[in-house]
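# Descriptive structure summary
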Amino acid sequence: MSKLSVEEIKRASHGLRGGIVETLESGATHFEEAEYQLLKFHGTYQQDDRDLRAERRKQKLDKAWSFMVRSKMPGGRLTAAQYLLHDDLAESLGNRTLRLTTRQGIQLHGVLIGGLKEVIAAIKASGLTTWGACGDVVRNTMGPASPIQDAAHRDAQCLAEEITQVFLAHSTAYSEIWLDGEKLDLSRPETEPPEEIYGKTYLPRKFKIGIAVPPCNDVDLFTQDVGLAPVVEGGTVLGYNLWAGGGLGMTHNMENTRPVLAKPLAYAAREHVVTVVKAIVAVQREYGNRKDRKQSRLKYVIENFGVKWFLNAVKQRVDSAIALEPLRPMTFDTVSDRLGWHEQGDGRWFRGIHVPQGRIQDYPEGPRFRSAFRQIAEKLGLPSIVTPNANLLIHDIDESRRAELDSLLDRHRIPRGETFTAARQVAHACVSMPTCGLALAESERVFSDMLDKIDAVLAELGLEEEPLLIRMTGCPNGCARPYNADIAFVGRAPGKYAMFVGGSHRGDRLAGLHTKTVTFDDIPATVRALLADFSKNRETGETFTDFWGRSREIGPEPTPEQFHIEFAERAGHGPLTEI
Ligand code: SRM
Ligand code: SF4
C-alpha cells in the first residue's frame, strides 16, 4: 500500500484520533507512521536513541524507541508547582533532564510509550497543555520574557494568552485519549465539535506567532509567521504592528527552499488584533501549499502572491470597519535576554539565569541546575519564565529574598551568566543528537566546547563585550534560528557545518552563506579570521552587525535566489538587486 500523505492522514483521522488509542492499548513499543504524524498535534514526537542505533542494528534489535513530550506555555510562564511537576516527571518517566526550548516551551525526553498517558495527563492537570505544542496548528505563542510591570508587557502577555485560547483545536480527541474524557460516537460525526478555524485538515503546516515589546526583540519576531509589537501612548496600548511571513526551515542546496524574514503588514487597533490574526491564519489555511510540505509555510504564500495581495486577502476576511493602517515607527535593539538582577517595576525583582543550551541537568563536578531550580520552586516557591533563548528567569522576588536566591545559586555552582562574554550570554544551539530524528550533525552536545574556543578568540581580540549573535543547529531546519544570527553553523554531515554570516543581533537581517562546509575543528580559526578583520577595520563604536552591513560591497544580505550561493561566488555576480 502506498504511504498516505500527511494531508490524507489528517483527513481520515476523525479529529486527530486515528488509531492512537488502539496502539497505546496494544502493548506496542512505538506507533506506525499515520499515528506518529497525529501524535505531534497532541504534543509528542516519537524518537529513538540515535547513539544506540548502529549497535542495536548490529544486534538485530529494534530501535530504542522513546518519546519527547513538549509543554506549551504562552510567553513561557510557569508556576513553581508546574515547574516541579516537570521535574518530577523527568525523574520518574523521562531521562532525568528537562529541555527549555526556543519557543519558551519545556520538553521531556526519553518517555516510554507506557508512560505517555501519565505524563500528558499530569501536565494537563497542572493547568498547562501539550495539545497543539506540535503539528499543523498554531504553536506556542511567544511573548516578552521579562516580567516588567508596565502596560506594554502586561498587554503582550494577555494577548499571548488570548491567541493561545482562540487557536486551540476543538477536537475532543485529546481529552478522550489522554484524560479519559467521554468517547465520541464516531458513527455520528454531527456530534464532533466543529473546527471553525482549522477545518478537517487543519493548517497546511505549523504556524508560529510571537509578540515582542520594543526595543527588545527577544522573541525574534521577524522569524515568526506572524510577529506583533505593541504601540503604546500615554501608558496605554493603542494597538499592534504586525509583520507576516517569517520562517526559517530550508534544505541544503535546494534553491526553492530558504529562510525568509517577516515583512511589515499593518497596524491594527488593540481590539481588532485577534480578528486580524485569525484572518491571516485563514488565508494560510486556504492558500498554503498542501501538496509539498517543503513549500507549505506562510512565507511562500506571501513570497508567491506578494505582500499587497496578502494584505488585501486579509482585509477581505475582516469587517470593512476594521482599519489596517501603515505600521507605526518602532525600533529593536537586541534579541538578547535580561540576565542577572532586574527590577520588575512593582517593587519586586527578577533574575535571569543562563542555562547552557536550555538543558536543565546536574553536571558531575559542575553546576547543578536541576537541583537548584527544584529548590527555587520547592523551597522559595518562586515562579519562572522560559526565555526565547532557552534561559530561565525567576521572578516576583522580594528585595528581602534576593540574597537567599543568590546563595542557593552559589551552593549549586550556578555561574553568573551576566558575567559571560556578551556573545556567550545569548548564544544557543538546538537539541540535535541523540534524540532528534532529523539531525545531520551534533549541536547541543558540542556547543559549549565550541563557545570555549570562541571565547578565547574574543579575549585575544578584546571583544568580550561585543554583542555578537552566534547560533548552531544540527540540520537546516533552523530550530535555534540560525539564519538571522551574526554567525551561525548549520549541520550538513557528522562534524561538518555550513557557515552563515551577516544576520544581526537585533534579529532583523538575514545572514548569507559564508562557506558551504567548515569542519567542527576549523570553526574557531574561521571565526577568528572574521573577527580579526572586524577588530581591525571597524569604525569607532561599530558592532559586528553594523560593520558587516557597512563593509559588504555585495550588500549585507542575500536575495532569495542568492541564498544557497557562497559569498565568494555571489561577489562574482556583481552588486545586489533589491529584494
Ligand atoms: Fe524545531 C522539527 C526541536 C524550534 C523549525 N524541531 C523539529 C523536531 C521536532 C524534529 C522532528 O521533526 O522530528 C525537533 C525535536 C528535537 C528534539 O529531540 O527535541 C525540533 N524546534 C525544536 C526545539 C526544541 C529546538 C530548541 O533548541 O529549543 C524548539 C522547540 C520550540 C517549541 O517549544 O515549540 C524548536 N523549530 C524551532 C524553530 C524556532 C522557532 O520556532 O522560533 C524553528 C525555525 C522557525 C520556523 O519554524 O521556521 C524550527 N523544527 C523546525 C523545522 C523546519 C520547519 C520548516 O518550515 O521547514 C522542523 C522540521 C519540520 O517541521 O519538518 C523542526
Ligand atoms: Fe533537530 Fe534540525 Fe531542529 Fe536541530 S535544527 S533540533 S537537528 S530538526
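Please refer to the structure placed before this passage.
Residues numbered from 1 in each chain as written. Chains lettered and ligands numbered in written order. Predicted model: local features only at pLDDT ≥ 70, side-chain atom pairs only at ≥ 80, totals over all residues. Heavy atoms only, no water.

## Here's the deal with the overall build of the protein chain
Under the convention used in this document: Helix and strand assignments follow DSSP, with helices taken as H or I runs no shorter than four residues and strands as E runs no shorter than two, numbered in order from the N terminus. Using C-alpha atoms as the atom set, the radius of gyration is obtained and then compared with a globule rule of 2.2 Å times the number of residues to the power 0.38. Relative accessibility thresholds used throughout: buried, under 20% of the residue-type maximum; exposed, over 50%; partly exposed, between the two (1.4 Å probe, protein chains only). Residue contacts follow a heavy-atom distance rule, with two residues in contact if any of their heavy atoms lie within 4.5 Å. With residues, only the protein chains shown are counted as cover, and all accessible areas are computed by Shrake-Rupley using a 1.4 Å probe. His is not counted, nor are the chain ends, whereas Lys and Arg count as positive and Asp and Glu as negative. Just so you know, the charge point we use is NZ for Lys, CZ for Arg, CG for Asp and CD for Glu.
Helix and strand counts for the protein chain stand at 18 helices and 19 strands. In terms of overall size, the protein chain behaves like a compact globule, its C-alpha atoms giving a radius of gyration of 23 Å where 579 residues would be expected to give roughly 25 Å. Once the C-alpha set of the protein chain is aligned to its principal axes, its extents read approximately 70 × 60 × 60 Å. Counting every position in the protein chain, which comprises 579 residues, the buried fraction comes to 58%. For the protein chain, long-range pairs separated by at least 24 residues make up 67% of all intrachain contacts whose partners lie at least 6 apart in sequence. Entry remark: accessible area of the protein chain is about 23,200 Å², with carbon and sulfur atoms responsible for 51%. Side chains of the protein chain carry 72 positive and 77 negative charges; the gap between the two charge centres is 4 Å.

## Looking at helix α10 (residues 298–305)
In an α-helix, one turn spans 3.6 residues; hence positions three or four apart end up facing the same way. Those residues of α10 that sit buried are Leu298, Lys299, Tyr300, Val301 and Ile302. Structurally, α10 contributes buried residues whose contacts are with β8 (236–244), β9 (263–269), α9 (273–287) and α11 (307–316). At the exit of α10 stands Gly306, carrying a positive phi of roughly 95°.

## Focus on the coordination of the iron atom of ligand 1
Rule in force here: Only nitrogen, oxygen and sulfur atoms qualify as donors, and only when within 2.8 Å of the metal (3.2 Å in the case of Na, K and Ca); with water excluded, sites may look incomplete.
Inspection of the coordination sphere of the iron atom of ligand 1 shows a single protein donor, Cys479 (SG), at 2.3 Å. Tracing the backbone shows Cys479 in the loop between β16 (470–473) and β17 (487–493).

## Side note on the site of ligand 2
How we decide: The cutoff for a nearby residue is simple: one of its non-hydrogen atoms must lie within 4 Å of the molecule or strand. As a working rule, the residues Ala, Val, Leu, Ile, Met, Phe, Trp, Tyr, Cys and Pro are called nonpolar, Asp, Glu, Lys and Arg charged, and the rest polar, with Gly in that last group.
In the neighbourhood of ligand 2, the contacting residues comprise Cys430, Val431, Ser432, Cys436, Leu438, Ala439, Thr473, Gly474, Cys475, Asn477, Gly478 and Cys479. In the shell around ligand 2, the residues fall into seven nonpolar, five polar and no charged.

## Topic: the sheet that holds strand β6 (residues 209–211)
Here is the rule: At least two DSSP bridges between two strands are required for those strands to pair. Orientation is described by lines fitted to C-alpha atoms, with helices fitted over the stretch in contact, and by angles between N-to-C directions that extend from 0 to 180 degrees.
Read from one edge to the other, the open sheet built from four strands follows the order β6-β7-β8-β9, with strand pairing classed as mixed. Looking along the sheet, the strands with just one partner apiece sit at the ends: β6 and β9. For this sheet, the mean inter-axis angle between neighbouring strands, taken without regard to orientation, is 25°. In this structure, β8 lies alongside β9, joined through six bridges in antiparallel fashion. Opposite Asn241, over in β9, you have Tyr267 as the bridge partner. Those strands touched by helix α7 (residues 151–166) are β6, β7 (226–233) and β8, and its axis lies near 55° from that of β8.

## With respect to the environment of Val166
Residue placement: Val166 occurs in helix α7. Along the backbone, Val166 and Val138 are 28 residues apart, and their C-alpha atoms lie at a distance of 9.6 Å. The contacts of Val166, once residues within four sequence positions are left out, are Ile197, Val274 and Lys278.

## Brief notes about the sheet that holds strand β2 (residues 65–71)
Within the open sheet, the five strands sit side by side as β1-β2-β5-β4-β12. Their pairing is antiparallel. Unpaired on one side and paired on the other, β1 (44–48) and β12 (359–360) mark the two borders of the sheet.

## Side note on the pairing of β2
With six of seven residues buried, β2 lies mostly within the body of the structure. Of the pairings in the sheet, the one linking β1 to β2 comprises five bridges and is antiparallel in character. In the strand pairing of β2, Thr44 is matched with Val69. With four bridges joining them, β2 and strand β5 (residues 106–111) adopt antiparallel strand pairing. By the bridge assignment, Arg70 is partnered in β5 with Gln107.

## Here we look at the site of ligand 1
Selection rule: Throughout this description, a polar contact denotes any pair of N or O atoms lying within 3.5 Å of each other; where both atoms belong to protein, one of them has to be capable of donating a hydrogen while the other can accept it, and for residues adjacent in sequence the pair is counted only when both atoms sit in side chains.
Among the 29 residues in the neighbourhood of ligand 1, the closest are listed as Thr101, Leu248, Thr435, Cys479 and Arg481. One nitrogen or oxygen atom from the side chain of Arg205 is found 2.9 Å from an oxygen atom belonging to ligand 1. Class assignment for the residues of the shell around ligand 1 results in nine nonpolar, 12 polar and eight charged.

## What to know about unusual backbone geometry
For the bond from Pro214 to Pro215, the omega torsion is 10°, close enough to zero to count as cis. One can find Pro215 in the loop between β6 and β7. The amide bond that connects Met433 to the next residue, Pro434, takes the cis arrangement and shows omega of 5°. Looking at where Pro434 falls in the secondary structure, it is placed in the loop between β15 (428–429) and α15 (444–461). In this model, Arg96 sits at a positive phi of 65°, which is unusual for a non-glycine residue. The backbone of Arg481 shows a phi angle near 50°, a positive value even though the residue is not glycine. Looking at the element boundaries, Arg481 is found in the loop between β16 and β17. Residue class for Arg481 comes out buried when judged on its relative accessible area of 5%.

## Describing the pattern of salt bridges
The condition that has to hold: Any carboxyl oxygen of Asp or Glu that lies within 4 Å of a side-chain nitrogen of Lys or Arg is treated as forming a salt bridge with it.
Overall, the coordinates contain 45 salt bridges when judged by the stated rule. Between Glu7 and Arg290 there is a salt bridge, with its nearest N and O atoms 2.9 Å apart. In this pair, Glu7 is assigned in helix α1 (residues 6–11) and Arg290 in the loop between α9 and α10, connecting sequence segments 283 residues apart. Judged by its relative accessible area of 12%, Glu7 is buried. Salt bridges here are not isolated pairs; linked through shared partners, they connect Asp87, Asp88, Glu91, Arg96, Arg370, Arg374 and Glu378.

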